[in-house]
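Tertiary structure, described
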Amino acid sequence: MTILVAYVPRPEGQAALNKGIEIAGRRNEHLLVVNASPGGRTEDPSFADVQDFERVQELLSNTGLSFELKQYVRGNHAVEEILALVESLNVSLLVIGMRKRSKVGKLIMGSVAQELLLTVPCPVLAVKAGE
C-alpha cells in the first residue's frame, strides 16, 4: 500500500508532507510525494523549484521510509495527475494540505483540494498548516 502526498511548496504543502511521513512511518507503508503543475509556468506557486525539491528529498532521505518523490509538469491539471496515480496505484490514503480562502477566491480560482476531496476514490486526509 502507498500513502500519496499532494505536495506544494507552501505551508499547507509542508503540513501535508509532515502528516504523510508520520502516517507512512506508523503504518510502515511506501510514501509517494507528488508535486504537479501544468508546466511551462515555473512562476506557478504550486511548482516546487530545484531548491525546494532538494530540501524535500533530503527530509525524506532522513526518515528511513520507503519513498518516491515525483514532479509532473506535463500540461495537465494537478487533479488529473493525482487522480491518475490514485487509480493506477494501490493508494491507501491521499494526504492534501488546505489553506483558508475567501468564498470569492474559491469561486474564481477553484480549489484543487476541494476537487480532490470530491473525485478521488480513496480516503483523503486534509490537513491545515499551523497558524
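It should be noted that the structure appears before, not after, this text.
To start, this report covers the structure provided alongside it. (Residues numbered from 1 in each chain as written. Predicted model: local features only at pLDDT ≥ 70, side-chain atom pairs only at ≥ 80, totals over all residues. Heavy atoms only, no water.)

1. Some points on the overall build of the protein
Within the protein, the regular secondary structure consists of 5 helices and 5 strands. Starting at the N terminus and walking to the C terminus, you meet the elements of the protein as β-α-β-α-β-α-β-α-α-β. Entry remark: accessible area of the protein is about 7400 Å², with carbon and sulfur atoms responsible for 53%. (Helix = DSSP H or I, 4+ residues; strand = E, 2+ residues; numbered from the N terminus. Areas by Shrake-Rupley, 256 points an atom, 1.4 Å probe, with all protein chains shown as cover.)

2. What to know about the pattern of salt bridges
With the rule as written, the count across this model stands at 7 salt bridges. Ionic pairing is found between Arg-26 and Glu-22, a salt bridge with its closest N-O pair at 3.0 Å. With a gap of 4 residues between them, Arg-26 and Glu-22 both fall in helix H1 (residues 11–27), about one helical turn apart. Judged by its relative accessible area of 38%, Glu-22 is partly exposed. (Salt bridge = Lys/Arg side-chain N within 4 Å of Asp/Glu carboxyl O. Buried < 20%, exposed > 50% of the residue type's maximum accessible area, 1.4 Å probe, protein only.)

3. A word on the side chain of Ser-92
Mapped onto the elements, Ser-92 comes out in strand E4 (residues 91–98). Polar side-chain contacts of Ser-92 include one of 2.6 Å to the side chain of Glu-29. (Polar contact = N/O pair within 3.5 Å; in protein donor to acceptor, adjacent residues only side chain to side chain.)

4. Focus: H1
Spanning 17 residues, H1 covers 24 Å between terminal C-alpha atoms, matching the ideal 24 Å at 1.5 Å per step. When we look at burial in H1, the residues that qualify are Glu-12, Gly-13, Ala-15, Ala-16, Leu-17, Gly-20, Ile-21, Ile-23 and Ala-24. Two residues or fewer after H1 comes Asn-28, characterised by a positive phi angle close to 55 degrees. (Expected span 1.5 Å × (residues − 1).)

5. Brief notes about the packing of H1 against helix H2 (residues 50–61)
At a closest axis distance of 12 Å, the pairing of H1 and H2 adopts a crossing angle of 20 degrees. Our classification of the angle between H1 and H2 gives roughly parallel. H2 is crossed by H1, and the crossing has right-handed handedness. Every residue of H2 that contacts H1 at Gln-14, Leu-17 and Ile-21 is listed here: Arg-55, Val-56, Leu-59 and Leu-60. (Axes fitted to C-alpha atoms, helices over the stretch in contact; angles between N-to-C directions. Parallel < 35°, antiparallel > 145°, perpendicular 65-115°, else oblique. Left-handed = near helix turned anticlockwise from the far one by under 90°. Contact = heavy atoms within 4.5 Å.)

6. Thoughts on the nonpolar core
For soluble globular proteins, nonpolar side chains are generally found buried alongside one another. Among the nonpolar cores identified, the biggest contains 20 residues, and Ile-3, Leu-17, Leu-31, Val-33, Leu-60 and Val-95 are the most heavily contacted of them. Listing elements by their share of this core, those giving two or more residues are strand E1 (2–6), H1, strand E2 (30–36), H2 and E4. Among the elements that make up this core, the one with the highest residue count is H1 (6 residues). Each residue touching Leu-60, except ones within four places of it in the same chain, is listed here: Leu-17, Ile-21, Leu-31, Val-33, Phe-67 and Leu-69. (Core = buried A, V, L, I, M, F, W, Y, C linked by side-chain atoms within 4.5 Å.)

7. Concerning the sheet that holds E2
Here we have 5 strands laid out as an open sheet, ordered E3-E2-E1-E4-E5, and parallel in their pairing. Two strands in the sheet have a free side with no partner beyond their single neighbour: strand E3 (67–72) and strand E5 (124–128). Ignoring which end each strand starts from, the neighbouring axes of this sheet average 20 degrees apart. Here E4 pairs with E5 via 5 bridges, running parallel. In the sheet register, Val-95 faces E5, and the bridge partner there is Leu-125. Running over the sheet, H1 touches E1, E2, E4 and E5 and is turned about 155 degrees from E4. (Pairing = 2+ DSSP bridges.)

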